[in-house]
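Descriptive structure summary
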Amino acid sequence: MSLKRIMTAAIAMLAALALAGAASLIILTTFLHRTTESMGSAVEGVRLAEALQVDLLMLYRMSDTLLRIPSDSPRSAETIEASLRSHLAEARRNAWSPQEQALITEAERTISGYLLARERVANQPPEQASRELIPRLESALAALDQLVAFNVNEARVTQARADRWDQLANIGGVSVAALMVLGGGALLWWMRRFVFRPLLDMSHAMRRFGAGRKRTRAPESGPAELRDMAHTFNEMANSLARQQEEQLTFLAGVAHDLRNPLSALKMSAALVTSGRPIPEERLQKTMALVRRQVARLDRMVGDLLDATRIEAGRFELSLEERDARELAAAVVELYQAGGSSHDLRLHLPEEPVLLSADATRVEQVLHNLVSNALKYSQTGSRVDVIVGREGNEAVLSVVDRGIGISNEELRTLFTPFRRTGRAREKAPGVGLGLSVARRIVEAHGGRIEVESRPGVGSTFRVRLPRAHPAAHPARPEDATPSPADTVH
Ligand code: ADP
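The name given to the chain in an unreviewed UniProt entry is histidine kinase, with the source organism recorded as Archangium lansingense. The UniProt entry for the chain carries the following text under Subcellular location (unreviewed entry): "Membrane".

What follows is the structure, given as structure tokens:
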């Protein structure tokens with residue numbers, strides 16, 4: 001799984017927990033608000049019922065005719081009655097359940113019964129009035145007692161519900177907190193195990209690699225991003241190791257290739273300076289050998305210098321208009337003059353094939369291809385150098401019947417210092433010529449193509465843009481010349 005996905009999932013989980021916590025808090029506070037309201041309403045209901053009872057008792061007490069007690073209340077009977085009505089109205093407004101409404105209706109009925117009776121008995125003898133009033137007063141007080149009991153009960157129920165919610169809130173709060181702590185802990189553990197450890201391992205591997213232990217590789221574990229990082233580092237380390245190996249092979253190759261011409265030169269010099277008379281023919285042969293070895297050394301050093309210049313980005317061309325036929329002929333003549341041990345043939349079209357090119361560099365490319373064709377084929381076998389035109393391109397081909405190159409080796413043919421196994425056995429070389437040749441051809445806006453079959457032979461085709469293609473339009477007869485056009 002990728003680090004991004006895991007972090008997103010973890011953050012989403014923590015956010016969901018936080019949201020659940022916030023939602024529970026909102027629900028809880030709303031419920032608490034309602035509980036407080038209904039508790040307040042119950043308390044108010046009790047207060048009003050008791051105030052009504054007090055008003056009733058005060059009114060009863062005022063009936064001096066009945067109790068023979070002089071009234072010392074600062075309130076008149078009318079104000080108490082008004083207070084009774086206003087308390088009843090207030091109690092009705094405060095009541096929210098149908099049961100309480102019914103109890104209030106009952107209280108209203110009994111209180112108004114008492115008040116009516118009070119008016120009726122105003123002029124009656126005290127005993128008769130008392131007989132009439134007391135039962136009505138008691139039933140009004142009883143109705144108010146029921147109202148008080150109902151509200152007290154409501155307050156208890158509300159209190160019990162609040163207690164239950166309080167418990168639930170405690171459990172919920174503790175659970176959310178525990179889940180958050182557990183989630184955070186799990187995330188930390190996971191980060192430690194699957195992120196920090198692989199990161200540390202990678203950093204150790206990098207440090208060890210930097211300290212010179214080139215076989216060190218980072219473990220490819222943990223989330224996808226870290227695995228990718230470790231993989232990239234390992235690939236980089238592999239590539240560095242490969243480069244180092246290639247450099248060593250290259251140095252060994254250069255040393256080996258330098259030794260052969262140098263020992264030939266050493267032997268030739270020893271022969272010439274031995275003081276003994278040397279027959280003319282032998283001297284000529286020795287001098288030809290010296291020339292060949294010096295040319296070989298010169299080419300090797302030239303390839304090395306070119307490769308260095310290309311790598312450093314200091315590779316320049318001096319372009320001029322030249323006929324590709326001349327360039328190919330110059331290269332082939334040089335080999336033929338040197339007494340080529342192969343059947344080297346040149347095929348040229350009749351019309352010029354103009355190029356805008358750096359002549360020395362194009363010759364260098366042809367030199368390399370012809371020299372390879374000769375190096376990697378049997379002595380005496382045929383090698384063709386063909387100049388032709390295809391559309392707006394000049395095509396310079398070198399065809400041999402030599403050892404050939406396998407499909408797998410073709411893929412890395414132009415990589416510097418790469419040499420095929422069979423070529424190593426057959427002839428000395430550094431493995432730089434083709435990579436330099438390709439860079440030269442590409443710098444001219446062209447490309448090199450290869451066709452090869454092991455044991456059958458190879459064809460290297462250099463395609464370069466022709467100069468002024470409009471002045472020399474492509475015609476069917478422009479195609480690569482047939483062997484009939486041979487200029488041997
Ligand atoms: P060098 O010839 O000095 O090794 P090059 O870069 O010219 O270097 O060639 C690279 C490799 O390509 C050679 O070592 C050889 O393996 C292969 N190669 C090039 N030309 C031919 C050819 N005509 N036939 C077979 N193999 C070839």
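Overview of the site of the ligand
What surrounds the ligand is a group of 22 residues, the closest being Asn 372, Asp 400, Arg 419, Thr 420 and Leu 434. Asn 372 is positioned with one of its side-chain polar atoms (N or O) 2.8 Å from an oxygen atom of the ligand. One nitrogen or oxygen atom from the side chain of Asp 400 is found 2.9 Å from a nitrogen atom belonging to the ligand. Within the complex, 97% of the 530 Å² of free accessible area of the ligand lies under protein. At the level of secondary structure, the elements contributing two or more residues to the shell around the ligand comprise helix 9 (359-375), helix 12 (433-443) and strand 7 (457-465).

A few points about the pattern of salt bridges
One pass over the structure, following the stated rule, counts 23 salt bridges. Put simply, Glu 81 and Arg 118 hold a salt bridge, and the shortest N to O gap is 3.7 Å. Remark: Arg 118 occurs in helix 4 (residues 98-120) and Glu 81 occurs in helix 3 (residues 77-94); sequence separation between them is 37 residues. With respect to class, Glu 81 is no different from Arg 118; both count as buried. Between Arg 382 and Asp 384 there is a salt bridge; the shortest N-O distance is 3.0 Å. Given a relative accessible area of 25%, Arg 382 falls into the partly exposed group.

Considering the confidence of the model for the chain
Chain-level statistics for the chain give a pLDDT mean of 85 and a share of 92% at 70 or above. Model confidence for the chain, summarised as mean pLDDT per element, is weakest for strand 8 (residues 486-487) at 42 and strongest for strand 5 (residues 393-400) at 97. This stretch, residues 65-69, has a pLDDT under 50; its non-local contacts, to residues over four places away or in other chains, come to eleven contacts. The low-confidence segment residues 470-488, where pLDDT is below 50, has 33 contacts with residues more than four positions distant or belonging to other chains.

A look at the UniProt feature "transmembrane region" (unreviewed entry) in the chain
Here the UniProt-annotated "transmembrane region" (unreviewed entry) positions come out as residues 168-190. Each end of residues 168-190 is marked by a C-alpha atom, and these two atoms are 32 Å apart; helix forms 100% of the span and strand 0%.

Some remarks on the environment of Trp 190
The topology assignment puts Trp 190 in helix 5 (residues 126-210). Sequence spacing of Trp 190 and Ile 134 is 56 residues, and the spatial spacing of their C-alpha atoms is 82 Å. Once residues within four sequence positions are removed from consideration, Trp 190 is found in contact with Leu 3, Ile 6, Val 195 and Pro 223.

Rules used in this analysis
Residues numbered from 1 in each chain as written. Predicted model: local features only at pLDDT ≥ 70, side-chain atom pairs only at ≥ 80, totals over all residues. Heavy atoms only, no water. UniProt positions renumbered as here; feature names shortened; annotations may be inferred. Near = heavy atom within 4 Å. Polar contact = N/O pair within 3.5 Å; in protein donor to acceptor, adjacent residues only side chain to side chain. Areas by Shrake-Rupley, 256 points an atom, 1.4 Å probe, with all protein chains shown as cover. Helix = DSSP H or I, 4+ residues; strand = E, 2+ residues; numbered from the N terminus. Salt bridge = Lys/Arg side-chain N within 4 Å of Asp/Glu carboxyl O. Buried < 20%, exposed > 50% of the residue type's maximum accessible area, 1.4 Å probe, protein only. pLDDT = per-residue confidence, 0-100. Contact = heavy atoms within 4.5 Å.

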